[in-house]
Amino acid sequence: MNYQNPQLMLEPGSIPGGAVRWRSPSNIAIVKYWGKHGVQLPRNPSFSFTLDSAATDTRVAYGPKQNHGATIDLQFRFAGEERPDFADRVSRFLESLLPVYPFLRQLQLQVETDNSFPHSAGIASSASAMSALALCLVDIERILFGQPEDQADFNRKASYLARLGSGSASRSIYGQSAIWGQTGEVEESSDEYAIPSAELTHPVFHTFHDDILLISRSEKSVSSRAGHGLMENNIYADNRYAQARQRMHELLRALRTGDLEKFGEICESEALTLHALMMTSSPPYLLMEPNTLAAIRSIQAYRRDTGHPVYFTLDAGPNIHLLYPGDLYPEVRQYVRQELLPLCADQQYIADKVGTGPLKLETE
Ligand code: PMV
């Protein structure tokens, strides 16, 4: 897919102003993306559930640029405050999009963004942030140039742009769940953008809850970007990519048939593999905390004692995602409150679930 388009420029002198606003959720990967090449291309396909309440709300206002510099003209606020660190990342992202959207050079952009979850909570927000911004940009393209016309094309392009900002963000464009990365088993799957996968999954997975247990709120000691980089010299890398493909094959089957046990086996193995890859990087590093392990042990014991299909996964951090079918919510809620909250920083958790995907909002 080549989205580069040097023709996509506005008529000077008649550049309109306007604003768009999108809310886009985070997602949690079951088969993980860890290791990349080229321009943000994944070494293996991944699958994630799209979340509901953990989301980013982004408003982009645009108008004709006053100065005639060739770079991006950006004013940026996060939660009402200037954040030069975030602004830099957004600026670099927008600049990287100039071959696709040369008209961004003609605009003055004001980006205001905020997360639904406390930003000190230690939850990665790049998936929701980059997907919300990508959706705003494709929406601006639609307003200014009348394209993409088709909703599937709109989503594909938003996913493509989001991927360039943060790989996992490509999957947040779709409700329920998404697949990113080419696999012969799923028609139309691609390394360049994610595709929706709700139709490939048994209805039980549409009800899934994800309780995000905030084990620690401290900043990650190693960023995901650096972590992906370390995979290049990880001696297990090739076996890992082969394993991810095999697990994807098995996961797709479990998702289709509603095989919760198989799903859980893959889900927990993937979480531990992700962290094992960090521990076997050079230099090695460790993102789990003692309470991460305590929570894992507790969840496994609860599953053994009750027979309930509750499973954990981890992102690139110490926090636990507890996944289970929605009909177990009342019971699992009690367990979480009694047994797992004491392991969380300030007893905090986010009761999230599989959601319906991004939403366009009113700008006022
Ligand atoms: O999207 P990135 O570049 O921040 O990578 C994140 C990768 C994981 O969250 C650890 C796994 C995944 O597939 O989401």
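Above this text sits the structure in question.
Here we take up the environment of Gly165. Tracing the backbone through its elements, the reader meets Gly165 in helix H3 (residues 151-165). Judged by relative accessible area, Gly165 falls into the buried class, the value being 9%. For the pair Gly165 and His202, spaced 37 residues apart in sequence, the C-alpha separation works out to 31 Å. Leave out the neighbours within four places in its chain, and Gly165 touches Gln40, Arg89, Phe93 and Met130.

Right, let's get into the packing of aromatic side chains. Applying the stated rule across the entire model yields 15 aromatic pairs. Look at Phe47 and Phe49: their rings are 5.5 Å apart centre to centre, the planes differ by 80°, and that puts the pair in the edge-to-face class. Accessibility classification places Phe47 together with Phe49 in one group, the buried group. Judged by centre distance (6.3 Å) and plane angle (70°), the ring pair of Phe263 and Tyr311 falls under edge-to-face. Linking Phe263 in helix H7 (residues 260-279) with Tyr311 in strand E10 (residues 311-314), this pair joins segments that are 48 residues apart in sequence. Following the ring pairs from residue to residue traces out a cluster consisting of Phe47, Phe49, Phe205, Phe208, Phe263 and Tyr311. The lysine or arginine in question, Arg83, covers the ring of Phe86, its NZ or CZ lying 4.1 Å from the ring centre.

A separate point is the packing of helix H8 (residues 290-306) against helix H9 (residues 329-340). At their nearest, the axes of H8 and H9 sit 12 Å apart, and the two run at 140° to each other. The angle between the axes of H8 and H9 places the two elements in the oblique class. In this structure, the crossing between H8 and H9 has a hand that is right-handed. Only Glu331, Val332, Tyr335, Glu339 and Leu340 of H9 make contact with H8, whose side of the interface consists of Ala295, Ser298, Ile299 and Tyr302.

Let us look at helix H1 (residues 84-96). In this model, H1 (13 residues) spans 18 Å end to end at C-alpha, consistent with the 18 Å of a helix rising 1.5 Å per residue. Every buried residue belonging to H1 is among Ala87, Val90, Ser91, Phe93 and Leu94, and all of these are buried. Taken end-on, H1 shows its buried residues confined to a sector of 165°, consistent with a single buried face. Looking at the buried side of H1, the elements it contacts are strand E5 (73-78), strand E6 (107-115), helix H2 (126-145) and H3.

Now for the pattern of salt bridges. With the rule as written, the count across this model stands at 15 salt bridges. A salt bridge links Arg142 to Asp139; its shortest N-O distance comes to 3.5 Å. Here the residue Arg142 and the residue Asp139 both occupy positions in helix H2, the gap between them amounting to three residues, near one helical turn. Where Arg247 meets Glu270, a salt bridge forms, and the shortest distance between an N and an O atom there is 2.7 Å. You can see Arg247 sitting in helix H6 (residues 237-257) and its partner Glu270 sitting in helix H7, a full 23 residues away along the chain. There is no split in this pair, since Arg247 and Glu270 are both buried. Residues joined in a network through salt bridges with shared partners are Asp139, Arg142 and Lys360.

Parameters at a glance
- Residues numbered from 1 in each chain as written.
- Predicted model: local features only at pLDDT ≥ 70, side-chain atom pairs only at ≥ 80, totals over all residues.
- Heavy atoms only, no water.
- Helix = DSSP H or I, 4+ residues; strand = E, 2+ residues; numbered from the N terminus.
- Buried < 20%, exposed > 50% of the residue type's maximum accessible area, 1.4 Å probe, protein only.
- Contact = heavy atoms within 4.5 Å.
- Phe/Tyr/Trp six-rings, centres within 6.5 Å; stacked < 30°, edge-to-face > 60°.
- Lys NZ or Arg CZ within 6 Å of the ring centre and 35° of its normal.
- Axes fitted to C-alpha atoms, helices over the stretch in contact; angles between N-to-C directions.
- Parallel < 35°, antiparallel > 145°, perpendicular 65-115°, else oblique.
- Left-handed = near helix turned anticlockwise from the far one by under 90°.
- Expected span 1.5 Å × (residues − 1).
- Arc of directions from axis to C-beta.
- Salt bridge = Lys/Arg side-chain N within 4 Å of Asp/Glu carboxyl O.

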